[in-house]
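Structural overview for review
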Amino acid sequence: MAAQLLESNITFSIDFDLTAETKDLEFTDLLSADYDPTYGKTLSNVLGILQISGPNGVLYTNVGWETDSFASPDIDGGTPLWSKSVNLPLDSEDEVQLGTYTIVYKLSVTAIAAVFATVTKTYDYQFETPTAVIGVTSSCKVSTMTIVDNTDYTVNIDGTDYDPVNILIDAIGRDFTIRWPLSSGQSNDTSTAQSVTIGPNIWTGQYDILLDTEAIYNLEEWNSQTWVIVHAQIYGEYTDVSGRSGYIVENEDYSEQLYQAFKNIDDSFLTASKTNTKEAQRFEDVRNSLSYYMSMYEIAREHGYDTTFSVTKMRELVGEEGWTLGSDTSSKEVIAWASIVAGSTTVGSTILNGTAVPATGLGSVGDYYIRTGNGHFYEKTGVAMWTYIMTIEGAAGAAGSQVSILWNDISDDGTTATIIEKTLKNYTLTADTIVEGDVIYVESLIQFGQNDNGKTVKFYFGVSGATFDYYTETLCNAQNDRLTLKVWITCTGAATQFINYEKYRKGSPGKVYIADTTDTETISGDIIIKITGQNKVATINDIVCKQLKIEHHKI
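In this report, the structure presented in the accompanying data block is examined. (Residues numbered from 1 in each chain as written. Predicted model: local features only at pLDDT ≥ 70, side-chain atom pairs only at ≥ 80, totals over all residues. Heavy atoms only, no water.)

Focus on the sheet that holds strand β28 (residues 466-472)
Overall, antiparallel pairing links the four strands, which are arranged β25-β32-β27-β28 in an open sheet. The outermost strands of the open sheet, each flanked by one partner alone, are β25 (422-429) and β28. Strand-to-strand, the axes of this sheet are offset by a mean angle of 10°, without reference to chain direction. (Pairing = 2+ DSSP bridges. Helix = DSSP H or I, 4+ residues; strand = E, 2+ residues; numbered from the N terminus. Axes fitted to C-alpha atoms, helices over the stretch in contact; angles between N-to-C directions.)

Quick look at the structure:
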């Protein structure tokens, strides 16, 4: 025997979905699985209509609301259709308006389509999206980099803490993207883990590190069921303490060069100490200063701080003694050296070096010796015995890519007072410029007029159609009027390309959209690369392309 359906049995949920470009509120009838088996209702007779209001008034009203007509229902058990989505109201920063939301649900459960029950619920929405925090450390000793999601995903609403139900339990919803230095030739790394370690081996240069997380929060219960849910998107990219995007791994040539500088200064100190006390003191002061700035360099490098100051000081010190520290900034593979004595159980007290095989009388048992020139590594295993262990000079690394800037136009080119699509900037990639394996990197900066006119920006690679576009009609102001487009086009064949692209909006909404696609442009012919803009309202310079930069990475 079926149970009696009462108005108090009827429950529904509202889901504030903040993950889409158009933020939505989704209504769902939570009784959908019980109308037939529990209450004996014919599903085709279960119909519902809605009125939804926000802080500033009505957001949605069903066309049959005033007359209690269910001719065009929002909820239809016969279809079945148990959910209804409406756009949420946004403030000037493209965030959902805070305040009271009211949902009124009229339900019919009989063939005559009359109102059986009217259920009203309100919720005071005060949700603030957490700020992404990314921690990065690297070790050139073991040639690894560790990236950690340090975001505090807990939100506090009216004194109550809420944790997401998906992120902290099983990591579903978290997406790390780690872009290696372009000239390293390494593919992007992705992970859903809270802590990610890449390498060995890593490369020197700039790593772009992005975090894009979807966190689901259950905020309020009704009749033992969660009825208020928030789907939040937390996006962030790593920036150092100075606000600069990207994590920098310093060129390890400094370690080798500094070792030689230390050795030269130490030799000069030992020589001067026999004949010239004053000169010996000067060399000792230089050696102590060099040790100090080397320590600063190591600390800054390990914790992601700018190393420019310490490197400059070291270069000045050794320069005054007639030696130099290089400033090569090309991307190079970092060879791990912390494990070169992993097979030994004896800890040496001293590491010696020289150009020849170590003399039997040199050093003490447990010492180590590096033969410069060929990288042979020895351990002193007896009073008069040096044992060869391995060579620490690795094979030549893979050749880095050759990077050339094909185009860098930084003039301002804007739309006219029309609503037709206009080419803002373009470049012709001439025939046979790229071959299979090459990468074309494109970066463009767009400025929007400070209004809420609809604006469309499109990127074209070739003439077959737009590779991607970006549309907004949110209110633009000085905090969110910049859009950056980044495109990586990899040539995979004579007429095939893989395209990875990124759209980043400054400020709020402050989101990055990352996606990929393919194309079929023939590389033996010219290929047009261009940025276009199209106004929804005829306004001059409503969309201005401020830069178009194109790089060729030849593998």
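That shown, we press on.
Considering the sheet that holds strand β9 (residues 134-139)
Within the open sheet, the three strands sit side by side as β9-β10-β15. Their pairing is antiparallel. If you trace the sheet from one side to the other, it starts and ends with β9 and β15 (195-198), each paired once. Across the sheet, the mean angle separating the axes of adjacent strands is 15° when strand polarity is ignored. Across four bridges, strand β10 (residues 144-149) lies against β15 in antiparallel orientation. By the bridge assignment, M145 is partnered in β15 with I198.

Considering the nonpolar core
Within the largest apolar cluster, 63 residues are counted, with the highest numbers of intra-cluster contacts made by F16, F127, M145, Y207 and I209. With 29 residues, the next largest nonpolar core counts I434, F459, C476 and I529 among its residues. (Core = buried A, V, L, I, M, F, W, Y, C linked by side-chain atoms within 4.5 Å. Buried < 20%, exposed > 50% of the residue type's maximum accessible area, 1.4 Å probe, protein only.)

Details of the pairing of strand β3 (residues 47-54)
By the criterion of burial, β3 is predominantly enclosed, with eight of the eight residues buried. Burial of the side chains of β3 extends over both faces: L47, I49, Q51 and S53 are buried on one face and G48, L50, I52 and G54 on the other. The pairing of β3 with strand β5 (residues 75-76) spans two bridges and is classified as antiparallel. Note that in β5 the partner of L47 across the bridge is D76. Bridge count between β3 and strand β7 (residues 99-108): seven bridges; the pairing is antiparallel. By the bridge assignment for β7, I49 is matched with K106. Relative to strand β4 (residues 57-61), β3 runs antiparallel, the two sharing four bridges. Pairing of G54 across the sheet is with G57, part of β4. As consecutive antiparallel partners, β3 and β4 are separated by two residues.

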